[in-house]
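What the coordinates show
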Amino acid sequence: MPLPKDFIWGVAGASYQVEGAWNEDGKGPSIWDTYTHWRNSPVHNHETGDVACDHYHRYKEDVALLKEMGVKAYRFSISWTRILPDGIGSVNPKGIEFYSSLVDELIKNGIEPMVTIYHWDLPQSIFDRGGWLNPEIIGWFENYTKIVVEALSDRVKYWFTINEPQIFIGLGCYLGVMAPFKKYTDGEIFRMSKNVLLAHGTAVRTIRKYSKQEAKISYAPTGPSFIPDNDSPEAIEEARAKTFAFDKDGYVLSNSWWSDPIFLRKFPDGAKEFFGPDFSDFTEEEWDIVQSPLDFYGMNIYAAMRDLSKLSAAEGNGELTGEPLTALKWTITPEVLYWSAKFMHERYKVPVMITENGCACTDSVHLDGKVHDPQRIDFLKRYIREFYKAGEDGIPLIGYIHWSFMDNFEWAEGYDPRFGLVYINYQTQKRTLKDSAYWYKEVIETNGESLWK
Ligand code: PNW
């Protein structure tokens, strides 16, 4: 059976991207609040998450939509500054109340809540104290995690510590194209990375210690995934090697930079030499924390990387001429779900869950009042079939979580890219299920069998 009977079909979102209510009921500011309000904000059209999908006020309506779609799980993130307005110090009861009510509503409707503790909305006051560069953040994150686990773990079983360190450190602090839109040196990125890894591991231990039920824990990394050019063992080996390469120019975006420490108790080969005097190893005690066992491997995955050196036709950005692209111009490469599931499982030896996958399309409400999105249906059918094939090859697969539940604030790109199965009219907040939502419903009902018709 390629997909087990209890395979988890879900959808995802994240606090800053959907909630709105940015300063309501005692919520403190995060770096995304600060930088989107900045007069030099680099975000598309100076858009902000102030209102977003107004999910904070409409969560009951939204859970009803999840139910209508038949999803089994909803992956959402907690806003640190709703719980702790200053990141540390006193707890905001209204923040706890919101997430507790959301969890109740999900459970009442038979939907498994899955919590991401950190999806990039760092408290501004913690950023002011040095953010991820300050080792005290490990204890602050531990304290925040403990509060959330104590409040929700009687009903929440699935936890993700952090979402995509590749992006919040890599794109946020290395390339500087996401909040805090700042470029740090390699030495600083090295220290930040160690703090992130220790905060992650400490959070895993905190969840295990305080959870009121047996928890299932992972994190949700992304990273450059390569697919073989052909079926030969050499091509497969090459793709595998590139997927885990410590790339000097893009190490912070890589898979191995984050997952080798967590699963293999080591920095990737080449790291020590690259950082030189900036390198300092973890102590054995710290390695124990970083390597705290996880129950499965979460993968946020959208497109395969290309080997630029092999693309004679390619100039610049390395796309093949006329290659199929999504509305964000990400390449459509379905096999990436097959190969990544295989490569990650072989290396890290745990079952695999797709924690994000999907595409941006230029959706609109058609004259008949519906949102027809055949491109998304075709995209998903191709991608999920490949994941299914990995199951047929014996890779243990435990879930597929689509990004995203509804259209939302796509970070620096603002509201243009629409990733949702639910269309949002941002002027009226009217929600409309897209054709793909009904298509997904059938995939869920048949546990994937309808993918093949
Ligand atoms: C993920 N890339 O981010 C995030 O987890 C989501 O919050 C986001 O909305 C979603 O994917 C769609 O972008 C990524 O440049 C951002 O390769 C950028 C990349 C990958 C993932």
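For the structure, see preceding data.
Residues numbered from 1 in each chain as written. Predicted model: local features only at pLDDT ≥ 70, side-chain atom pairs only at ≥ 80, totals over all residues. Heavy atoms only, no water.

Okay, the overall build of the protein next. Looking only at helices and strands, the protein has 16 helices and 10 strands in total. For 453 residues, the compact-globule formula gives about 22 Å, and the C-alpha radius of gyration of the protein, at 21 Å, lands near that figure. If one aligns the C-alpha atoms of the protein with their principal axes, the spans along those axes are about 60 × 55 × 45 Å. Per-residue burial for the protein yields a buried fraction of 61% across its 453 residues. Carbon and sulfur atoms provide 51% of the accessible area of the protein, an area that totals close to 17700 Å². Once the 48 positive and 65 negative side-chain charges of the protein are each reduced to a mean point, those two points are 3 Å apart. (Helix = DSSP H or I, 4+ residues; strand = E, 2+ residues; numbered from the N terminus. Rg over C-alpha atoms; globule rule 2.2 N^0.38 Å. Buried < 20%, exposed > 50% of the residue type's maximum accessible area, 1.4 Å probe, protein only. Areas by Shrake-Rupley, 256 points an atom, 1.4 Å probe, with all protein chains shown as cover. Lys, Arg positive; Asp, Glu negative; His and termini not counted. Charge placed at Lys NZ, Arg CZ, Asp CG, Glu CD.)

The next subject is the nonpolar core. One finds Trp32, Trp80, Trp132, Trp159, Tyr400 and Tyr440 to be the most contacted residues of the largest nonpolar core, which totals 141 residues. Of the residues forming this core, the biggest block, 10 residues, is contributed by helix H9 (residues 186–210). The residues contacting Trp132, other than those within four sequence positions of it, are Tyr118, Leu122, Ile137, Phe168, Ile169, Met192, Asn195, Val196 and Ala199. The next biggest cluster of nonpolar side chains, apart from the first, holds 16 residues, and it includes Ile8, Met114, Met353 and Trp403. (Core = buried A, V, L, I, M, F, W, Y, C linked by side-chain atoms within 4.5 Å. Contact = heavy atoms within 4.5 Å.)

The subject of this paragraph is the sheet that holds strand E3 (residues 112–118). An order of E5-E4-E3-E2-E1-E8-E7-E6 is seen for the 8 strands of this open sheet, with the pairing classed as parallel. Two strands lie at the open edges of the sheet, namely strand E5 (216–220) and strand E6 (297–300), each paired on one side alone. Neighbour-to-neighbour, the strand axes of this sheet turn through a mean angle of 25 degrees, independent of strand direction. In terms of strand pairing, strand E4 (residues 158–163) meets E5 through 4 bridges, oriented parallel. When the sheet's bridge partners are listed, Trp159 is paired in E5 with Ile217. Sitting on the sheet, helix H8 (residues 165–174) touches E3, E4 and E5, and the angle it makes with E4 is about 15 degrees. Each of E6, strand E7 (352–356) and strand E8 (397–403) is contacted by helix H14 (residues 335–348), which is oriented at about 150 degrees to E6, the strand it contacts most. (Pairing = 2+ DSSP bridges. Axes fitted to C-alpha atoms, helices over the stretch in contact; angles between N-to-C directions.)

Packing of H14 against helix H15 (residues 374–392) leaves a shortest axis separation of 6 Å and a crossing angle of 30 degrees. The angle between the axes of H14 and H15 places the two elements in the roughly parallel class. Judged by the sense of rotation from one axis to the other, the crossing of H14 with H15 is right-handed. Note on element contacts: H15 touches H14 through Tyr383, Ile384, Glu386, Phe387, Lys389 and Ala390, opposite Glu335, Val336, Leu337, Tyr338 and Ala341. Partitioning the contact of H14 with H15 into residue classes produces 8 nonpolar, no polar and 3 charged. (Parallel < 35°, antiparallel > 145°, perpendicular 65-115°, else oblique. Left-handed = near helix turned anticlockwise from the far one by under 90°. Nonpolar A, V, L, I, M, F, W, Y, C, P; charged D, E, K, R; others polar.)

Around the ligand, 14 residues are found, and the nearest of them are Gln17, His119, Glu356, Glu410 and Trp411. Note that an oxygen atom of the ligand is positioned 2.9 Å from one of the side-chain N or O atoms of His119. Separating an oxygen atom of the ligand from a side-chain N or O atom of Asn163 is a distance of 2.9 Å. Starting from 450 Å² of accessible surface for the ligand in isolation, the protein chains cover 83%. Considered class by class, the residues forming the shell around the ligand number 7 nonpolar, 4 polar and 3 charged. (Near = heavy atom within 4 Å. Polar contact = N/O pair within 3.5 Å; in protein donor to acceptor, adjacent residues only side chain to side chain.)

A word on helix H3 (residues 55–69). Compared with an ideal rise of 1.5 Å per residue, which puts 15 residues at 21 Å, H3 spans 17 Å between its outermost C-alpha atoms and falls more than 12% short. Of all the bends in H3, the greatest measures close to 40 degrees and is centred on Glu61. Taken residue by residue, H3 has His55, Tyr56, Tyr59, Asp62, Val63, Leu65, Leu66 and Met69 as its buried positions. Residue Gly70 follows H3 closely and has a positive phi angle near 75 degrees. (Expected span 1.5 Å × (residues − 1). Bend = angle between axes of the 7 residues up to and from the residue.)

Two elements in contact, H9 and helix H11 (residues 255–264), have axes separated by 11 Å at closest approach and are oriented at 45 degrees. Judged on the interaxial angle alone, H11 and H9 are oblique. Remark: the crossing between H9 and H11 carries right-handed chirality. Together, Phe190, Ser193, Val196, Leu197 and His200 of H9 and Trp257, Trp258, Pro261 and Ile262 of H11 make up the contact between the two elements.

All right, on to the packing of aromatic side chains then. Across all of its chains, the model carries 65 aromatic pairs by this definition. Each member of the aromatic cluster is reached from another via a ring pair, and the members are Tyr16, Trp32, Tyr35, Trp38, Trp120, Phe127, Phe181, Phe409, Trp411, Tyr415 and Tyr426. The lysine or arginine in question, Arg75, covers the ring of Phe160, its NZ or CZ lying 5.0 Å from the ring centre. Just above the ring of Tyr210 sits the side chain of Lys146; from NZ or CZ to the centre is 5.0 Å. (Phe/Tyr/Trp six-rings, centres within 6.5 Å; stacked < 30°, edge-to-face > 60°. Lys NZ or Arg CZ within 6 Å of the ring centre and 35° of its normal.)

Glancing now at the pairing of E6. Residues Tyr297 and Met299 point to one face of E6 and Gly298 and Asn300 to the other, with burial holding for every one of them. Of the strand pairs in this sheet, E6 and E7 are connected by 4 bridges, and their pairing is parallel. Residue pairing in the sheet places Asn300 in a bridge with Glu356 of E7.

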